[in-house]
Amino acid sequence: MERTKRFFLNGLILASTTVFLRGAGVAFNVYITNKIGAEGIGLFGLIMSVYMLATTIASSGAGLAATRLVAEEMTKNCGGGIKKSMTACMAYTAAFGLLAAVLLFTFAPYIGTRWLCDERTVIPLYLLSVSLPFIAMSSAMSGYFVAVRRIAKSASAQIFELLVKVVVTVLALNVYGNQGIEYACIAVVGGGSVAEICSFVYLFVLYKLENKQVQNRLEHEQHYTKRLLKIALPVAISSYLRSGLVTLEHLLVPRGLKKYGASSSASLAQYGVVHGMVMPVILFPAAMLGAFSGLLVPEFAEFQQRKHNQTIRRVTTRALHTTLLFSVGMAGIFFVFAKELGMAIYHSGDAGLFMSFLAPLIPVMYADGVVDSILKGLNQQVYSMGYNIIDSAVSVVLIYVLLPKFGVHGYVAVIFITEILNGLLSLNRLIKITDFTVSLRHDILLPVVSITSAAWGVRFLMMFNGYHTDSMIYAYIFCTAGIYIVFLKLCGCFKRERL
């Protein structure tokens, strides 16, 4: 019982922090969109696609490796092993972080002019390279805090980073934002880099204070570097392939839209609407699930270490039950209220249109995130990354084929196909190793009927009030969520032991 309470306390702390950060991030994204426009968001998205590849090289699987190694040493009550594991992780991330920084800084002009085909991206890439070693080492320390269940400390670091990012970016945009999209992107990127460095310093101080309390005892096993590499390198290699394909995917989208007939500016704007505006909002509610699913990694690592197979099966079943109830509800809300949400958040009809297109995919996306976390906790990360690579490879091919013929609607189709493919592959692997159960009636059919009835019922009531303010729209949505929960309870989807 004490373990369960601790898990949910840490989950609530992390979930609250994540929701706050995601909410603030969406609000900040709206602010940036208003400042630099859809084209600027599209250009910024291209820069960040390259940056994500660089951060993948910098961290090289160290976060997951730190979590698993520390969790295993905690199971053995080996304080000395925890310290040596983290020493190996920090050295590993420092080396790969420096390598990634040098590569990005050296090849920034080539990447900006040849890959992104836009010279305005070169200086932002220079700025981003500076933060890579700090991001890499922060990933190892974050993995440590997840393993030792000190979630509040890593959560406070994320909040601190966001505050620094917002302050620095707003100041920079006020100074340079009116000098064109290039300077606006420099301001946004510079604010992010400063925030990453400050977050590392903050996290490092917390880590050193925490590390002093760990006692050196019961060190039975050596070869920490070997164990680290065994976990991190397969993840790193597959992550390189996955991230490289994702970067290629994002580079091909504006080019495919141009071949369809859109101008360079319009193609960046369309890409910015889907990738930079709609997707962050669609994924925002997943913050709650992401917080708890991230905490499942060390829990499942311990379950597996102790060979608690029945516990693994039970927790997997309940985690997916909760995920499906939540995600089906969010899918219904986004589908029914997409137009109003697009106008309320971005004052954009196009954003609302694409929200409605992508809403049915929400259960697949949310469930896939939880399944991936469970697979990582069960040492199945190689399979998980393999599926991600297949997903990205298929995506690249489909983007190359479909976008010149169907434009942005082809891009939406590609998202559907690849997300479903990835979800099915991951789910199939989880079924093989855990043999969990899902009730088609209580986990899918009844939730779909419940949210359909609740959302369209509220929508019908909206017809009697022709004028809707933003606050009224959010009130309608919360009302829908409340009715949905009541319907689930009446249908028997909320069982006491699962609740």
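These numbers were taken from a predicted model, which means no experiment stands behind them.

A. Local environment of the packing of helix 10 (residues 286-305) against helix 14 (residues 362-377). Contact pair helix 10 / helix 14: the axes reach a minimum separation of 7 Å and the direction vectors enclose 20°. Considering their axes alone, helix 10 and helix 14 lie roughly parallel with respect to each other. Between helix 10 and helix 14 the crossing geometry is right-handed. Only Tyr366, Gly369, Val370, Ser373, Ile374, Lys376 and Gly377 of helix 14 make contact with helix 10, whose side of the interface consists of Ala286, Leu289, Ser293, Gly294, Leu296, Val297, Phe300, Ala301 and Gln304. In terms of residue class, the contact of helix 10 with helix 14 is built from 9 nonpolar, 6 polar and 1 charged.

B. Looking closely at the pattern of salt bridges. All chains considered together, the criterion is met by 1 salt bridge. Note that Arg459 and Glu340 form a salt bridge whose closest N and O atoms lie 2.7 Å from each other. Taken together, the positions of Arg459 in helix 17 (residues 440-462) and Glu340 in helix 12 (residues 338-346) put the pair 119 residues apart, joining distant regions of the chain. Of the residues examined, Arg459 reaches a relative accessible area of 22% and is grouped as partly exposed.

C. Representation of helix 15 (residues 381-406) in the model. The end-to-end C-alpha distance of helix 15 is 35 Å, a good match for the 38 Å that 26 residues give at a rise of 1.5 Å each. The largest bend along helix 15 measures about 35° and falls at Ile399. Note on helix 15: the residue one or two positions beyond its end, Gly407, has a positive phi of about 65°.

D. Quick peek at the side chain of His442. One can find His442 in helix 17. Here Arg441 takes part through its side chain, which lies 3.3 Å from a polar atom of the side chain of His442. Setting aside residues no more than four positions away along its own chain, His442 makes contact with His321, Leu325, Pro447, Cys491, Gly492 and Cys493.

E. Quick look at a nonpolar patch on the surface. Taken together, the side chains of Leu99, Leu103, Phe107, Tyr110 and Trp115 make up a nonpolar region of the molecular surface, amounting to roughly 470 Å² of accessible area. Mapped onto the secondary structure, Leu99 falls in helix 3 (residues 79-115). Residue Leu99 is classed as partly exposed on the basis of its relative accessible area of 42%.

F. Representation of the packing of aromatic side chains in the model. Tallying each qualifying case throughout the model produces 11 aromatic pairs. Ring geometry for Phe28 and Tyr31: centres 6.2 Å apart, planes at 10°, overall stacked. Here Phe28 and its partner Tyr31 are both found in helix 1 (residues 2-59), 3 residues apart, which amounts to about one turn of the helix. You can call Phe28 buried: its relative accessible area is 9%. One aromatic cluster is present, formed by Phe134, Phe200 and Phe204 through successive ring pairs.

G. Geometry of helix 12. Where burial is concerned, most of helix 12 is hidden: 7 out of the 9 residues are buried. When helix 12 is considered as a whole, its buried residues turn out to be Ala338, Glu340, Leu341, Gly342, Ala344, Ile345 and Tyr346. Just beyond helix 12, the residue with positive phi is His347, at close to 55°.

Each value, and the rule that gives it
Residues numbered from 1 in each chain as written. Predicted model: local features only at pLDDT ≥ 70, side-chain atom pairs only at ≥ 80, totals over all residues. Heavy atoms only, no water. Axes fitted to C-alpha atoms, helices over the stretch in contact; angles between N-to-C directions. Helix = DSSP H or I, 4+ residues; strand = E, 2+ residues; numbered from the N terminus. Parallel < 35°, antiparallel > 145°, perpendicular 65-115°, else oblique. Left-handed = near helix turned anticlockwise from the far one by under 90°. Contact = heavy atoms within 4.5 Å. Nonpolar A, V, L, I, M, F, W, Y, C, P; charged D, E, K, R; others polar. Salt bridge = Lys/Arg side-chain N within 4 Å of Asp/Glu carboxyl O. Buried < 20%, exposed > 50% of the residue type's maximum accessible area, 1.4 Å probe, protein only. Expected span 1.5 Å × (residues − 1). Bend = angle between axes of the 7 residues up to and from the residue. Polar contact = N/O pair within 3.5 Å; in protein donor to acceptor, adjacent residues only side chain to side chain. Patch = residues over 30% accessible without salt bridge, like charges linked within 9 Å, V, L, I, M, F, W, Y side chains within 5 Å. Areas by Shrake-Rupley, 256 points an atom, 1.4 Å probe, with all protein chains shown as cover. Phe/Tyr/Trp six-rings, centres within 6.5 Å; stacked < 30°, edge-to-face > 60°.

So far we have only geometry, and geometry alone does not tell us how the molecule works.
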